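Coordinate analysis (summary)
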Amino acid sequence: MVGCGFQELTVEGIAAAAGVGKQTIYRWWGSKAGVVVEALAEGFLEMPLGVPEDTGDLRVDLGAWLAALKSEIEAPEVSRLIQTIMSALTSAGETSAAMHSALVQPIMAGLDARFQEHDRNHPGVLAAPPSFLAETVGASLLLRLMFSRPLTTEWIDQLLDLVVPAGRPDSP
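Notes on the structure in this doc start here. (Residues numbered from 1 in each chain as written. Predicted model: local features only at pLDDT ≥ 70, side-chain atom pairs only at ≥ 80, totals over all residues. Heavy atoms only, no water.)

Re the overall build of the chain
Under the convention used in this document: For helices the rule is a DSSP run of H or I covering at least 4 residues; for strands it is a run of E covering at least 2, with both sets numbered from the N terminus onward. When a residue's accessible area, from a 1.4 Å probe over protein chains only, is under 20% of the maximum for its type it is buried; when over 50% it is exposed; and in between it is partly exposed. Contact definition: two residues touch when any of their heavy atoms are within 4.5 Å. Note on charges: Lys and Arg go in the positive column, Asp and Glu in the negative column, and His and the chain ends are not counted at all. Note that the charge is assigned to NZ on lysines, CZ on arginines, CG on aspartates and CD on glutamates.
In terms of helices and strands, the chain carries eight helices and zero strands. Put simply, the chain has 172 residues, and 38% of those count as buried. For the chain, long-range pairs separated by at least 24 residues make up 63% of all intrachain contacts whose partners lie at least 6 apart in sequence. Within the chain, one finds 11 positive and 21 negative side-chain charges whose respective centroids are separated by 7 Å.

Printed below as a string of structure tokens:
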């Protein structure tokens, strides 16, 4: 089971690895997606999303980060895993809040900090408050993933134009 993908993961395999019956897994989690969501929320599994590197040019940094995410998440098995996790989160209760803290909040805080720094260095360039721009990037990305829409170069450029317009003084 170690190193297998989400599609190959089974409740039977989880139960066998834990040394319990399949019904025990279903009693506690209800599905393999529930197990994965809780494992992510508790830090037993990691999603390598990170935050954009800071080279001093926010537009270039966001573009590079989105391009790196594109290569990571467009694999069919990863896309299905993300969709399954998003679906499982709708009924995850406390685990949903833990997932937000473990996965979403660090990314949003990193994006927000980058937008705030950019706003301090280039006042008046950003079209909205930094936290709103960070949410816009995150929400746009999640919508693309939820509906299996590709992260095309054109889409990335359009998102960048929205949050850090080109041709404006966006780098030192």
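A look at the environment of Arg114
The following threshold applies: We call two N or O atoms a polar contact when they sit within 3.5 Å, provided that within protein one can donate a hydrogen and the other can accept it, with sequence-adjacent residues counted only if both atoms are side-chain atoms.
Note on placement: Arg114 falls in helix H6 (residues 94–121). Overall, Arg114 belongs to the buried group, its relative accessible area being 10%. As a C-alpha pair, Arg114 and Pro52 span 62 residues in sequence and 8.4 Å in three-dimensional space. Filtering out sequence-adjacent residues up to four positions away, Arg114 remains in contact with Pro52, Glu53, Asp54, Asp57, Leu58 and Asp61. A polar side-chain atom of Arg114 sits 2.9 Å from the main-chain carbonyl oxygen of Glu53.

With respect to a nonpolar patch on the surface
Selection rule: Only residues whose relative accessible area exceeds 30% and that take part in no salt bridge are eligible for patches, with like-charged residues grouped when within 9 Å of each other and nonpolar side chains (Val, Leu, Ile, Met, Phe, Trp, Tyr) grouped when within 5 Å. Only the protein chains shown count as covering a residue, and every accessible area follows the Shrake-Rupley method with a 1.4 Å probe. For this document, the term salt bridge refers to a Lys or Arg side-chain nitrogen within 4 Å of an Asp or Glu carboxyl oxygen.
A surface patch of nonpolar side chains, about 310 Å² in accessible area, is lined by Leu143, Met146 and Phe147. If you trace the backbone, Phe147 turns up in the loop between helix H7 (130–146) and helix H8 (153–163).

A word on H8
One turn of the α-helix equals 3.6 residues, which is why residues spaced by three or four share an orientation. The condition that has to hold: To obtain the arc, one takes the directions from the helix axis to the C-beta atoms.
Taken as a whole, H8 has its buried residues at Trp155, Ile156, Leu159, Leu160 and Val163. The buried side chains of H8 occupy one side of the element, clustering within an arc of 135 degrees when seen end-on. Exposed side of H8, more than 90 degrees from the buried face: Thr153 and Glu154 are the residues found there.

Here we look at the pattern of salt bridges
Enumeration over the complete set of coordinates arrives at four salt bridges. Residue Asp61 pairs with Arg114 through a salt bridge whose shortest N-O separation is 2.7 Å. Separated by 53 residues along the polypeptide, Asp61 in helix H4 (residues 58–73) and Arg114 in helix H6 bring together distant segments of the chain. Summarising the burial analysis for this pair, Asp61 and Arg114 share the class buried. Here the residues in one salt-bridge network are Asp54, Asp61 and Arg114, joined through shared partners.

As for the packing of H4 against H6
Spelled out, the test is: Lines fitted to C-alpha atoms define the axes, with helix axes restricted to the stretch in contact, and inter-axis angles between N-to-C directions lie between 0 and 180 degrees. The cut-offs work like this: below 35 degrees is roughly parallel, past 145 is roughly antiparallel, 65 to 115 is roughly perpendicular, and the gaps in between are oblique. Two helices crossing with the near one rotated counterclockwise from the far one by less than a right angle form a left-handed crossing, whereas a clockwise rotation gives a right-handed crossing. Polarity classes work like this: nonpolar for Ala, Val, Leu, Ile, Met, Phe, Trp, Tyr, Cys and Pro, charged for Asp, Glu, Lys and Arg, and polar for all others, with Gly in that last group.
H6 packs onto H4 with a crossing angle of 160 degrees between their chain directions and a minimal axis gap of 11 Å. Judged by the angle between their axes, H4 and H6 are roughly antiparallel. As H4 packs across H6, the resulting crossing turns out to be left-handed. Contacts from Leu58, Asp61, Leu62 and Trp65 of H4 reach H6 at Ile107, Leu111, Arg114, Phe115 and His118. Across the contact of H4 with H6, the residue classes tally to six nonpolar, one polar and two charged.

Points about the nonpolar core
Spelled out, the test is: The nonpolar core is taken to be a set of buried Ala, Val, Leu, Ile, Met, Phe, Trp, Tyr and Cys residues, with the residues joined through side-chain atoms within 4.5 Å.
Core analysis: the largest hydrophobic core is formed by 25 residues, its most contacted members being Leu62, Trp65, Leu111, Phe115, Leu141 and Val163. Contributing elements (two or more residues each) for this core: H4, helix H5 (76–89), H6, H7 and H8. Take this core: its biggest share by element is six residues, from H4. Not counting residues up to four positions away in its chain, the partners in contact with Leu62 are Pro52, Leu111, Phe115, Leu160, Val163 and Val164.

Side note on the packing of H6 against H7
It is the contact of H6 with H7, at a shortest axis distance of 8 Å, that shows an interaxial angle of 135 degrees. Between H6 and H7, the crossing angle belongs to the class labelled oblique. Along this stretch, H6 crosses H7, giving a crossing that reads as right-handed. Of the residues in H7, those in contact with Met108, Leu111, Asp112, Phe115, Gln116 and Asp119 of H6 are Pro130, Ser131, Leu133, Ala134, Glu135, Val137 and Gly138. For the contact of H6 with H7, a count of residues per class yields seven nonpolar, three polar and three charged.

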